[in-house]
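As a plain string of letters, each chain reads:
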Amino acid sequence: MTEQYQRLKQHFIAKKAWQDKYREIMLLGKQLPKLPAELKVDHAKVNGCESNVWLYVDFDESEKHIVVTADSDTRIVKGLIYIISTLVNGLTVDEIKRINIQHEFNELGLLQHLSPSRGNGILAIADAITQFAIQSDD
């Protein structure tokens, strides 16, 4: 895990109330860079998400790590994407395969507060990233 994610994780764990975590997620959503309109296309949409989520996962050959770029039409999902991006961006394919994003979201105390469809969407994003890493290793 990246140092940035470790700091973010400690910050979330310190917040005990869901309202405080929710407010933080919304603030993180404001920090997520917007995806240009021309990249918000159907083939980039993540199936299984309640909101529209556009996801691009690439491999940076020069740095040998994964780069995740994503956007959503809802602020809370943007915040959740920011957390996922912070967790995985800059990691190698092998490191991505060893990370359990669902476990991380449980440790942050987030999944139990999300609606089932929103939680399933987060898991769909995590699965898409993991599948990319697995296919990149072939």
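This report concerns the structure included in the present document. (Residues numbered from 1 in each chain as written. Predicted model: local features only at pLDDT ≥ 70, side-chain atom pairs only at ≥ 80, totals over all residues. Heavy atoms only, no water.)

Remarks on the overall build of the chain
Now for step 1: The secondary structure content of the chain amounts to six helices and two strands.
Now for step 2: Going from the N terminus to the C terminus, the chain shows its helices and strands as α-α-β-β-α-α-α-α.
Now for step 3: Against the compact-globule benchmark of 14 Å for 138 residues, the chain has a radius of gyration of 14 Å, which places it among compact chains.
Now for step 4: Here the chain holds 138 residues, and 45% of them are scored as buried.
Now for step 5: Sequence-distant contacts in the chain: of pairs separated by 6 or more residues, those separated by 24 or more amount to 60%.
Now for step 6: Carbon and sulfur atoms provide 48% of the accessible area of the chain, an area that totals close to 7500 Å².
Now for step 7: Taken together, the 16 basic and 19 acidic charged side chains of the chain have centroids lying 10 Å from each other. (Helix = DSSP H or I, 4+ residues; strand = E, 2+ residues; numbered from the N terminus. Rg over C-alpha atoms; globule rule 2.2 N^0.38 Å. Buried < 20%, exposed > 50% of the residue type's maximum accessible area, 1.4 Å probe, protein only. Contact = heavy atoms within 4.5 Å. Areas by Shrake-Rupley, 256 points an atom, 1.4 Å probe, with all protein chains shown as cover. Lys, Arg positive; Asp, Glu negative; His and termini not counted. Charge placed at Lys NZ, Arg CZ, Asp CG, Glu CD.)

Brief notes about helix α6 (residues 116-136)
Now for step 1: With 21 residues, α6 ought to run about 30 Å at 1.5 Å a step, and its terminal C-alpha atoms sit 30 Å apart, in line with that.
Now for step 2: What α6 keeps buried is the set Arg118, Gly119, Gly121, Ile122, Ala124, Ile125, Ala126, Ile129 and Ala133.
Now for step 3: Those residues of α6 hidden inside the fold are in contact with β1 (53-60), β2 (65-72), α3 (75-88), α4 (93-98) and α5 (101-107). (Expected span 1.5 Å × (residues − 1).)

Focus on the packing of helix α1 (residues 3-14) against α3
Now for step 1: α3 packs onto α1 with a crossing angle of 135 degrees between their chain directions and a minimal axis gap of 7 Å. With respect to their mutual orientation, α1 and α3 come out oblique. The interaxial crossing formed by α1 with α3 has left-handed handedness. Contacts from Gln4, Tyr5, Leu8 and Phe12 of α1 reach α3 at Tyr82, Ile83, Thr86 and Leu87.
Now for step 2: Of the residues belonging to the contact of α1 with α3, the class tally is six nonpolar, two polar and no charged. (Axes fitted to C-alpha atoms, helices over the stretch in contact; angles between N-to-C directions. Parallel < 35°, antiparallel > 145°, perpendicular 65-115°, else oblique. Left-handed = near helix turned anticlockwise from the far one by under 90°. Nonpolar A, V, L, I, M, F, W, Y, C, P; charged D, E, K, R; others polar.)

So, the packing of helix α2 (residues 18-31) against α3
Now for step 1: Interaxial distance between α2 and α3 falls to 7 Å at its minimum, and their mutual angle equals 80 degrees. Considering their axes alone, α2 and α3 lie roughly perpendicular with respect to each other. Contacts between α2 and α3 involve Tyr22, Ile25, Met26, Leu28, Gly29, Lys30 and Gln31 from the former and Arg75, Ile76, Lys78, Gly79, Leu80, Tyr82 and Ile83 from the latter.
Now for step 2: Split into classes, the residues belonging to the contact of α2 with α3 amount to eight nonpolar, three polar and three charged.

Regarding the side chain of Ser51
Now for step 1: Inspection of the secondary structure assignment puts Ser51 in the loop between α2 and β1.
Now for step 2: Within the structure, Ser51 has its side chain in polar contact with the side chain of Thr74 (distance 3.1 Å).
Now for step 3: Once residues within four sequence positions are removed from consideration, Ser51 is found in contact with Ser72, Asp73, Thr74, Val77 and Arg118. (Polar contact = N/O pair within 3.5 Å; in protein donor to acceptor, adjacent residues only side chain to side chain.)

Structural notes on the environment of Glu38
Now for step 1: For Glu38, the position within the fold is in the loop between α2 and β1.
Now for step 2: Take Glu38: its relative accessible area is 61%, and that puts it in the exposed class.
Now for step 3: Spatially, the C-alpha atom of Glu38 lies 26 Å from that of Ile25, the residues being 13 residues apart in sequence.

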